[in-house]
Amino acid sequence: MSNFSEWFHNILEEAEIIDTRYPIKGMHVWQPQGFKIRKYALKLLRELLDDDHEEVLFPLLIPEDELAKEAIHVKGFEEEVYWITHGGLTPLNKKLALRPTSETAMYPIFKLWVRSHSDLPLKFYQVVNTFRYETKHTRPLIRVREITTFKEAHTIHVDSQGAQDQVQDAIEIYRSFFDQVGIPYIVTRRPDWDKFPGADYTMAFDTLLPDGKTLQIGTVHNLGQTFARTFDITYETAEGEHQHVYQTCYGLSDRVIASIIGIHGDSSGLILPPSVAPYQVVIVPVLFKKGAQEVIEFCSQLHDKLKKNGIRVHFDDRDLRAGKKYYEWEMRGVPLRLEIGPRDIENKKMMTLRRDTMEKESCDYQDETIINDINEILTDITQNLKNKAWQKFNENIRPAKSLEQAKELMQNRGIISFNWCGGETCGKEIEEFVQVDILGLHQESSDEKCINCGAPSKTIALLAKTY
Ligand code: PR8
C-alpha cells in the first residue's frame, strides 16, 4: 500500500462503500455495503451508550440568535456554518444555521428540562448529520462537509466532579468501542489553543493511518459551566437554591469507518473485523459435475444453520468461477470463507480461509460443534486484527530528546513523544520548528526538561503530522 490516499479512494469505490460522485464537494452517498458497516458500528456504540444514556433527536436547524449566544463557541464555528436565508422565495427574518454540532440546539431546551438536583445527572445522545463548511482539503469519511453519522452525547451534572468523572467514563466507553473494532488509539489532553470552542478542556483520541498521519477519531469535552451560564441552565439544590449545572459532551463521526477500513485493509482490499462485517462468513461451494446437487444442499443447510445461530453468513451459489468469487469476497473483507466440495462432505472436512492471515486450512467438520468452531475462529480474527494494529501503532511512537531529533524522526512520520512545559508560546515554537502539530499532553513523566525552552517539564506530549 505505497500510496494510502489512492488505495483508500479505490477501495471505497471497488468495495461499494461510498459513492463520491455526488455533485457537492464533501458530501457523499453511502452505498449498501458501506451502510451495513456503518449500521453494525452504530449498533456497537448504541449498546454501550444505552446502558445509561437516553437517545433523543433534535432539529437540524438552529436559530441564528441561539447559535450566537455563546461567544467563544460561535467564534470557533463562524467560518464553518451553512446558513438558510430563505423559505421558498421569502427571506427569513431570522437566519437558520445547519447544525455544525448541537450544543446550541439542545441547551435552550435542556434549560426547560433540568429542574431539581434529584434529576441529575442527565445523559443524552443523538445520531444525526451535521454540516461543517470545511476549508481544508475534503476526503470521503475523513473530512467531510456533511458528517452523516455524528454520534454526539451531552451530559448534565450537579458539580464539577460529576463532569470530570463523566469525561473519564466517556473515555472508557470510547476505548471499549474502539477495542471492539480493533482500532488502536492514544488519548491526549489537547493544548488550550486546540480545544473545542467553549470547552474547559478537550480529551481526544487519535489513531494512525498507514501513511503515518494521525487522525482524530473522537473527542470528549468538559464544558464546565460555560454553556450553563450562557443558556442559564440551573437546578434546584436540596436547600432550595438555584445553581448552574456542569456539562460535558463527546462525539464520534464517520472517521470511525475510515479508520476501520484504512487500518485493517491490505493490498487485496478490505479486512473487516467480524463485529462490523456485513457478512462474517461466506460459503463457496466447490462444484464438479459429480455430486454438485449434494454440495449445494449441504452448503444451503449449513447457511441456514449458521444464520439461525446469529452468524451473518452468505451462501454464494452464483454460476461463476470459484476464483472470481474468492477475489470478490477477499476484496470486500469477509473475515472467514468456507469452501466445501464433494470430497469434503465425504471426509467430514471443510476448507477455511481467514482473511486476516490469508491462511487456508482443511478443518474437521462436525455438525455438533460447527457453530462453536466458527465463533472461535471469528473471535480469534478479532483478536489478531487488534493485536496486529496495536503492534504497528506502538512501533510508530518514538521518543525524541531534542527538537533536532524530533524533526529527524518526523521524516518517517508517526508519533513523536517528548517532554514539554505546556506553554503556548513554547508549543507554537515547537510546531514551527518540527513543522507538525502538537497533539496534546499524554502522560506524567519523572522530572525532565522541556525539549524547547528547558523549563521543568512533568508531562510527555505528542507530535504528529495530522489529517
Ligand atoms: C463536538 N459536540 O462537536 P468535535 N469530517 C469528519 N469527522 C469530523 C469532522 C469532519 N469535517 N469534524 C469533526 N469530526 C462536540 C462533541 C458534540 C459532540 C469528528 O466535537 O468538533 C472528529 O473525529 O471535536 C471529532 O473528534 C468528532 O467529529 C467530534 O467533533
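Everything below is about the structure printed above this text.
Residues numbered from 1 in each chain as written. Predicted model: local features only at pLDDT ≥ 70, side-chain atom pairs only at ≥ 80, totals over all residues. Heavy atoms only, no water.

1. Remarks on the overall build of the protein chain
So, step 1. Each helix and strand in the protein chain was counted, giving 14 helices and 23 strands.
So, step 2. On C-alpha atoms alone, the protein chain measures out to a radius of gyration of 25 Å, which is about the 23 Å that the 2.2 N^0.38 rule sets for 467 residues.
So, step 3. The 467 residues of the protein chain split such that 53% are buried.
So, step 4. Positive and negative side-chain charges of the protein chain, numbering 57 and 70 respectively, have mean locations separated by a distance of 5 Å. (Helix = DSSP H or I, 4+ residues; strand = E, 2+ residues; numbered from the N terminus. Rg over C-alpha atoms; globule rule 2.2 N^0.38 Å. Buried < 20%, exposed > 50% of the residue type's maximum accessible area, 1.4 Å probe, protein only. Lys, Arg positive; Asp, Glu negative; His and termini not counted. Charge placed at Lys NZ, Arg CZ, Asp CG, Glu CD.)

2. Notes on the sheet that holds strand β19 (residues 360-364)
So, step 1. If you trace the five strands from one edge of the open sheet to the other, you get β16-β15-β17-β18-β19, paired in mixed fashion. Each edge of the open sheet carries a strand with a single partner, namely β16 (313-315) and β19. Neighbour to neighbour, the strand axes of the sheet diverge by 25 degrees on average, direction disregarded.
So, step 2. Taken strand by strand, helix α9 (residues 292-308) contacts β15 (281-285), β16 and β17 (336-340), and its axis lies near 165 degrees from that of β16.
So, step 3. Along the sheet, helix α10 (residues 322-331) makes contact with β15, β16, β17, β18 (349-354) and β19, crossing β15 at roughly 175 degrees. (Pairing = 2+ DSSP bridges. Axes fitted to C-alpha atoms, helices over the stretch in contact; angles between N-to-C directions. Contact = heavy atoms within 4.5 Å.)

3. A closer look at the nonpolar core
So, step 1. Within the largest apolar cluster, 54 residues are counted, with the highest numbers of intra-cluster contacts made by Phe 8, Ile 17, Leu 141, Tyr 174, Phe 178 and Ile 261.
So, step 2. Mapped onto this core, the elements with two or more residues apiece are α1 (4-14), α2 (32-49), β7 (122-131), α6 (160-180), β10 (201-208), β11 (214-224), β14 (246-252) and α8 (255-264).
So, step 3. Apart from residues no more than four positions distant in its own chain, Tyr 174 is found in contact with Leu 45, Lys 151, Phe 205, Thr 219, Val 220, Tyr 250, Gly 251 and Leu 252.
So, step 4. Among the nonpolar cores identified, the runner-up in size contains 26 residues, and Phe 77, Val 81, Ile 156 and Phe 227 belong to it. (Core = buried A, V, L, I, M, F, W, Y, C linked by side-chain atoms within 4.5 Å.)

4. Some remarks on unusual backbone geometry
So, step 1. A cis amide bond links Leu 120 with the next residue in sequence, Pro 121, at an omega value of 0 degrees.
So, step 2. Mapped onto the secondary structure, Pro 121 falls in the loop between α5 (103-113) and β7.
So, step 3. Phi is positive for Lys 348, which is not a glycine, with a value near 55 degrees.
So, step 4. The residue Lys 348 is located in the loop between α11 (342-347) and β18 in this model.
So, step 5. Its identity is not glycine, yet Arg 413 carries a phi of approximately 55 degrees, on the positive side.

5. Topic: the site of the ligand
So, step 1. Lining the immediate surroundings of the ligand are 22 residues, of which Glu 103, Glu 134, Gln 216, Thr 219 and Ser 253 lie closest.
So, step 2. In the environment of the ligand, an oxygen atom lies 2.8 Å from a nitrogen or oxygen atom belonging to the side chain of Gln 216.
So, step 3. Contact distances for the ligand include 2.7 Å between an oxygen atom and a side-chain N or O atom of Thr 219.
So, step 4. Protein burial of the ligand: of its 600 Å² of free accessible surface, 96% is covered by the chains.
So, step 5. Among the secondary structure elements, those contributing two or more residues to the shell around the ligand are β8 (146-157), β11 and β14.
So, step 6. No other element matches the five residues that β11 contributes to the shell around the ligand.
So, step 7. Of the residues in the shell around the ligand, the class split is eight nonpolar, eight polar and six charged. (Near = heavy atom within 4 Å. Polar contact = N/O pair within 3.5 Å; in protein donor to acceptor, adjacent residues only side chain to side chain. Areas by Shrake-Rupley, 256 points an atom, 1.4 Å probe, with all protein chains shown as cover. Nonpolar A, V, L, I, M, F, W, Y, C, P; charged D, E, K, R; others polar.)

6. A word on the sheet that holds strand β4 (residues 61-63)
So, step 1. With respect to topology, three strands assemble into an open sheet ordered β4-β6-β5, the strand pairing being antiparallel. Only two strands of the sheet have a single neighbouring strand rather than two, namely β4 and β5 (83-87). Recorded for the sheet is a direction-independent mean angle of 45 degrees between the axes of neighbouring strands.
So, step 2. Of the strand pairs in this sheet, β4 and strand β6 (residues 90-98) are connected by three bridges, and their pairing is antiparallel. Of the residues in β6, the one forming a bridge with Leu 61 is Leu 98.

7. A look at the pairing of strand β23 (residues 456-464)
So, step 1. Most of β23 is tucked away, with seven of its nine residues classed as buried.
So, step 2. With six bridges joining them, strand β21 (residues 415-420) and β23 adopt antiparallel strand pairing. Considered in β23, the bridge of Trp 420 is made with Thr 459.
So, step 3. Of the strand pairs in this sheet, strand β22 (residues 437-449) and β23 are connected by eight bridges, and their pairing is antiparallel. The residue bridging Leu 441 from the neighbouring strand is Ala 461, located in β23.
So, step 4. What sits between the antiparallel neighbours β22 and β23 is a turn of six residues, in which Gly 454 has the positive phi angle 80 degrees.

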